[in-house]
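Structural overview
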Amino acid sequence: MNKQEFEEQLKDIFHVTNEQLEQFETYKKYLQEQNKIHNLTRLDGEDVIYADYFFNSIYPYKDLDFEHINKVLDVGSGSGIPGIALKILFPHIELTIVESVNKKIKFMQGLCELLKFEHVYFINKRAEELEHKYKNYFDLVTARAVANLRILLELLIPYMKMTGICVIPKGIKVNEEMQDAKQIIRKLKIELFEEIKYESISKHKEFVLLFKKNAETPSIYPRKWKSIINEEEN
């Protein structure tokens, strides 16, 4: 996917302005520049950035009603995907990014300064270490390519409002991961209300899983990392 194809897709799907297109171009150039120094991502070729880094990361969110989404949590954003890309598309959102690798936090801070963003907050911690004040706080919680579904749900759901939505993009092993997550889905009192299948720009089968809460998340969640990994109860 070249620059022209990428911009045409953004105009067609997200109805972006020229200013937003310029912001994506600023993002791309800064990513390529900093990647030579800090090795932030393997996706650093121009066409690859447009297709696999930008477009594939934002496509799963295209049908969400962002008019009713204000507070967004992105866990394990790495070098800004999907959080900062969503902020470009929906500048009104208050974005909180949780990333445990300090060099990636610094990269994203520098990027947001370039883009002159407000209301973007960075937390240099693991998701399970977030302060209690963030529980039941976000309208949208999401993560991409961070861990398997069972782990992601425990890391995300406690921070989602009762009226919120959890969005998790997944690949072809989605059925296997759903089977593995059955127990935690029950314990977190959530349900899958939509599964969207689509073909990525690179012709891979991809899925978007949308979860909602049926009741308040039990206070023990998220547990400490060792317990999450071992599926132990506190």
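To be clear, the structure that these remarks concern was listed above.
Here's a quick rundown of the structure. (Residues numbered from 1 in each chain as written. Predicted model: local features only at pLDDT ≥ 70, side-chain atom pairs only at ≥ 80, totals over all residues. Heavy atoms only, no water.)

**A word on the layout of surface pockets**
Put simply, the rule reads: Residues are said to line a cavity or pocket when one of their atoms sits within 4 Å of a point; the points come from a 1 Å grid over protein atoms alone, cavities being sets where a 1.4 Å probe fits but cannot get out and pockets being open sets with protein on both sides within 12 Å along at least five of seven lines. Grid points are joined across faces, edges and corners, and a volume is the space filled by probe spheres set on the points. Classes in brief: Ala, Val, Leu, Ile, Met, Phe, Trp, Tyr, Cys and Pro nonpolar; Asp, Glu, Lys and Arg charged; the others, Gly included, polar.
In this model, the second largest pocket occupies a volume close to 180 Å³. Around the second largest pocket, the lining comprises 13 residues; the ones closest to its centre are V75, S100, R126, A127 and V146. Residues of the lining of the second largest pocket, tallied by class, amount to 7 nonpolar, 2 polar and 4 charged.

**Regarding the pattern of salt bridges**
Note the cut-off: Basic side-chain nitrogens of Lys or Arg form a salt bridge, by our definition, when they fall within 4 Å of a carboxyl oxygen of Asp or Glu. Segments assigned H or I by DSSP are reported as helices when at least four residues long, segments assigned E as strands when at least two residues long, and all are numbered from the N terminus. Remark: exposure states derive from per-residue accessible area (1.4 Å probe, protein chains only) relative to the maximum for the residue type, with buried under 20%, exposed over 50%, and partly exposed in between.
In total, this model carries 10 salt bridges according to the counting rule given. Between K28 and E25 there is a salt bridge, with its nearest N and O atoms 3.8 Å apart. Taken together, the positions of K28 and E25, both in helix α2 (residues 18-38) and 3 residues apart, correspond to about one turn of that helix. Here E25 falls in the buried class, since its relative accessible area comes to 13%. Of the charged contacts in the structure, one is a salt bridge between R126 and E128, with a shortest N-O distance of 2.7 Å. On the basis of relative accessibility, which here comes to 30%, the residue R126 falls in the partly exposed class. It is possible to trace a salt-bridge network through shared partners that takes in E25, K28 and E46.

**Overview of the sheet that holds strand β1 (residues 71-75)**
To keep it simple, the criterion reads: By definition, two strands form a pair when at least two bridges between them are found by DSSP. For helices, the fitted axis covers only the stretch in contact; all axes are lines through C-alpha atoms, and the angles between them, taken along N-to-C directions, range from 0 to 180 degrees. Note on contacts: a residue pair is in contact if any heavy atoms of the two residues lie within 4.5 Å.
Read from one edge to the other, the open sheet built from 7 strands follows the order β3-β2-β1-β4-β5-β7-β6, with strand pairing classed as mixed. Two strands bound the open sheet, and with one partner strand each, they are β3 (120-123) and β6 (190-199). Sheet twist, expressed as the mean angle between neighbouring strand axes with direction ignored, is 20°. Alignment of β6 against strand β7 (residues 205-213), held across 9 bridges, turns out to be antiparallel. By the bridge assignment for β7, E194 is matched with L210. Docked against the sheet, helix α6 (residues 149-156) engages β1, β4 (138-143), β5 (160-170), β6 and β7, running at close to 155° with respect to β5.

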